[in-house]
Amino acid sequence: MEKKKTIIEDLDRGIYDIKNEDKFSYKTKTGLTREVILDISEKKSEPEWMTEFRLKSLQIYNEIELPAWGPALDELDMDNIVIYVKPDTQMNSDWSEVPEEIKDTFEKLGIPKAERESLAGVGAQYDSEVVYHSIKEDLVKQGVIYTDMESAIIEYEDIIKEYFMKLVPPSDHKFVALHGAVWSGGSFVYVPEGVEVDIPLQSYFRLNSPGAGQFEHTLIILEKNAKLHFIEGCSAPKYNVTNLHAGCVELYIKEGATLRYSTIENWSRNMLNLNTKRAVVEKNGTIEWVSGSFGSKISMLYPMSILKGENAKSEFTGITFAGKDQYLDTGTKVVHAAPYTSSAISTKSISKSGGTAVYRGSVTVTENAHHAKSVISCESLMLDDLSRSDTIPVLDIRNNEVEIGHEAKIGRISDDTIYYLMTRGISEEEAKAMIVRGFADPIAKELPLEYAVEMNNLIKLELEGTIG
Amino acid sequence: MSENLLNNINYIPVRTWNWLGVNDISIDRDMPEMKPYTLDILQIGKNSSIDIEPIDKMNSSIDLLNSFQYDGISKELSELVKDNYNTGFYAKINKDQRIKEPVTIHYEFDTDSDVIYDNNIIIAEEGSESTFIIEYDSKDKTNSFHNGLTRIYGKKNSTINLIKVQSLSDKSIHLDGSIVKLEENARVNFILVELGSKTSVTNVCSELEGYRSSASVHTVYIGDKGRTLDMNYRINHYGKETQSNIEVKGALMDKSQKTFRGTIDFKKGASGSIGKEEEYAVLLSKEAKNKSVPILLCTEEDVSGEHSASAGKIDENKLFYLMTRGIREEEAKRLIIEANIRPIIDLIPDKNIKTIIYDEIRRKLVYG
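- The name recorded for chain B in an unreviewed UniProt entry is Iron-regulated ABC transporter permease protein SufD, from Mobilisporobacter senegalensis.

- As annotated in an unreviewed UniProt entry, chain A is Iron-regulated ABC transporter membrane component SufB from Mobilisporobacter senegalensis.
- The record held by UniProt for chain A lists under Sequence similarities (unreviewed entry) the comment "Belongs to the iron-sulfur cluster assembly SufBD family."

### Quick notes on the pairing of strand 17 (residues 304–307) of chain A
In regular strands, side chains alternate between the two faces of the sheet.
Residues and elements named next belong to chain A.
At step 1: The side-chain alternation of strand 17 yields two buried faces, one formed by M304 and I306 and the other by S305 and L307.
At step 2: Bridge analysis of strand 14 (residues 271–281) against strand 17 gives 4 bridges, and the strand direction is parallel. Bridge pairing in strand 17 places A279 opposite S305.
At step 3: Pairing geometry for strand 17 and strand 19 (residues 327–336), over 4 bridges, is parallel.

### With respect to the packing of helix 2 (residues 316–324) of chain B against helix 3 (residues 329–345) of chain B
Residues and elements named next belong to chain B.
At step 1: Two numbers describe how helix 2 lies on helix 3: the axes approach to 9 Å, and their chain directions differ by 125°. Considering their axes alone, helix 2 and helix 3 lie oblique with respect to each other. Regarding helix 2 and helix 3, the two cross each other, and that crossing is right-handed. Taking contact as the criterion, the partners of K318, L319, L322 and M323 in helix 2 are, on helix 3, E329, A332, K333, L335 and I336.

### Observations regarding the domain arrangement of chain A
Residues and elements named next belong to chain A.
At step 1: Segmenting chain A into domains produces domain 1 (15–414) and domain 2 (415–468).
At step 2: Contacts between domain 1 and domain 2 engage 23 residues on the former and 21 residues on the latter.
At step 3: Elements that contribute at least two residues to the side of domain 1 that touches domain 2 include exactly strand 13 (258–266), strand 15 (286–293), strand 18 (313–322) and strand 20 (342–351).
At step 4: If you tally residues by element for the side of domain 1 that touches domain 2, the top one is strand 18, at 4 residues.

### Regarding the environment of S167(B)
Residue and element names in this part refer to chain B.
At step 1: With respect to the helices and strands, S167 occurs in strand 7 (residues 159–167).
At step 2: C-alpha of S167 to C-alpha of E76: the two residues are 91 residues apart in sequence and 25 Å apart in space.
At step 3: Contact partners of S167, with chain neighbours within four places excluded, come to D137, L195, G196 and E360.

### Things to note about the UniProt feature "domain: SUF system FeS cluster assembly SufBD N-terminal" (unreviewed entry) in chain A
At step 1: The feature "domain: SUF system FeS cluster assembly SufBD N-terminal" (unreviewed entry), as given by UniProt, occupies residues 45–202 of chain A in the numbering adopted here.
At step 2: The span residues 45–202 of chain A carries 39% helix and 16% strand; its end-to-end C-alpha distance comes to 26 Å.

Rules used in this analysis
Residues numbered from 1 in each chain as written. Chains lettered and ligands numbered in written order. Predicted model: local features only at pLDDT ≥ 70, side-chain atom pairs only at ≥ 80, totals over all residues. UniProt positions renumbered as here; feature names shortened; annotations may be inferred. Buried ≥ 20, exposed ≤ 12 C-beta atoms within 10 Å, placed from the backbone. Helix = DSSP H or I, 4+ residues; strand = E, 2+ residues; numbered from the N terminus. Pairing = 2+ DSSP bridges. Axes fitted to C-alpha atoms, helices over the stretch in contact; angles between N-to-C directions. Parallel < 35°, antiparallel > 145°, perpendicular 65-115°, else oblique. Left-handed = near helix turned anticlockwise from the far one by under 90°. Contact = placed C-beta atoms within 7 Å. Domains from an automatic or database assignment.

What follows is the structure, given as structure tokens:
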């Protein structure tokens, strides 16, 4: 059995663990200083306001304390993180122009294939910069913009200036301040009024450089009655040094618009994933979050929905799978700030082999948000007694015309169910895997197909390593 | 005495976002000057069936209590009670002694006796069974200050029922902690009734150490005027097949606010344990504020934990139905709320106290 475990560990992360040689055209020194920031800004030939914004954020970063809750972040030492690694290529709009090695990595991750088969546009970031971006012609004709943030800041400076880090200001918490100071890469999406993008756009973030940080910024603006499905994927090979991901996602959903934002995060287990995502939803608008957290050593990730307009809606569907040495502190925050707003939260978590999965959430209903409705359901599955599973939800209700319900459950796979399946000739391993897949199924259904398949494989591989 | 003793008290075992303001509570009030309390809390003669006496240096320092590690509302406030109490009782229920009649302890505040630091100890010997009712009330509209600590040790197969009814005047501060430790198959059942005070901060911590030990907490509250209710319950499952059940029900009116924090913590080794937590708040006013933090912590695989919390306004269909039967609105609301909390109140084995509670609820809901 031991032997099998070893094989699984190897197989487990397969394609994700392919390390490319650390090639780059430019890399800052480790550490976080004014000079490093000026250096990045200069390399990017940014407008002056952005340079100032970065420096202001750095100042805030130095003033804010680490959070007094959640996982310990002792191992984070900014002096040892490389803030900016520029890959040895320009931004391309044709895969054939992307350097072979980088292209090969994305091929193995299935990105170009997915682009051909099921996506309307793709962005691919390698370390600190986006190396590939494309969007279907017909969408461009309809006025849809999908480009990397660096290009956007030059081509659409007015829009970026109006929206950039207005929803998630650098003063929010330490890692957003960090992001404001050192952000690099990411995608900008703009969907004009009434345009419905039927097939998803996908941005993929790959961090290859050991000891580096990735700080991409994603800004999406959906005008009135627009519609979009955006998919975000993240991965990195495992190194023995700490890597850091502190991205920021800002989503502006205007009247009647609908955005589905799906993420599958499979960072390697030396990664600190301290990511911030927030959506503001106006009248009759909808945000749907689908979030799968599988990788990283430590994650702190709580996508937030601010339901600002009447009848705005938020749905959050999330799964977290914490294995050996992982501390995944995830959840969601919802603020009902207008009448007739509604939110639904459904999360599942699985802990095994000493992993820690925490659901942390909050639902706030403000004084004027009468007729707000919220349904929250959290389920946790413990696969052994080495692991940990915590649920820390908060409800804050400030008016009485509301309907709020919260439910949480924690438990294990029942012996009866396994026994029943075994009497039907199914092996114990397979029975356990079936039950876990069944547990995760409602979430898997919400994922894009290839990710659902990937998730099932992950579950299967993870379980094979434990049983017996 | 420094006023910051009332800052950041009644904290949860795991913190969350500061901006939500649920990690702890701070009370804007100076600590009072300590003074003696001389009223008869035990009403000697009434409680003759049991070995109970006023607290003193001897009985408050028994070895059994040294094993109590937990903070109560805060370490400092609990220490203050242990060192500077001005009243309290020590009760011991002998082996296999089963006391049918509830033992009643009455803490009354008035203008002269407006500060109470009560240090209460209950030791339940093996196989014993007992029921205690502790009342905290105000004789007049005195601006009183209560800081109390009740420590309970339940030996093998013992059962302790503890009922606390708080109906202090609207200006009072009520700080009340209970710490429980249970051996094999021992049980503790709390019924907590929160009807009064300006600020009520309560803490219950039960340590289920023995195999099959169990704890339940049933709470009823009414928030009216500008009352702040702050509850923080924690049940730690250590022993195998231990059970816990927390049930909190209440209504919020006017500008009252309530924060409920409940933590069920399954420690490693507590296999076969079951924990349940349920909360329901009826919101009767637009200006009332209601916060809930139902926490489940788990490091053991073979357990089952559940919590649910819900909040909303009074069921309009029920209200309408009752009103079509000629019952006026305020009265109909009272009936609905009373029906909701009656299962908890009816667990109290003292008719007089039940009547007092129902009268008080009626007074608050109907006559405001």
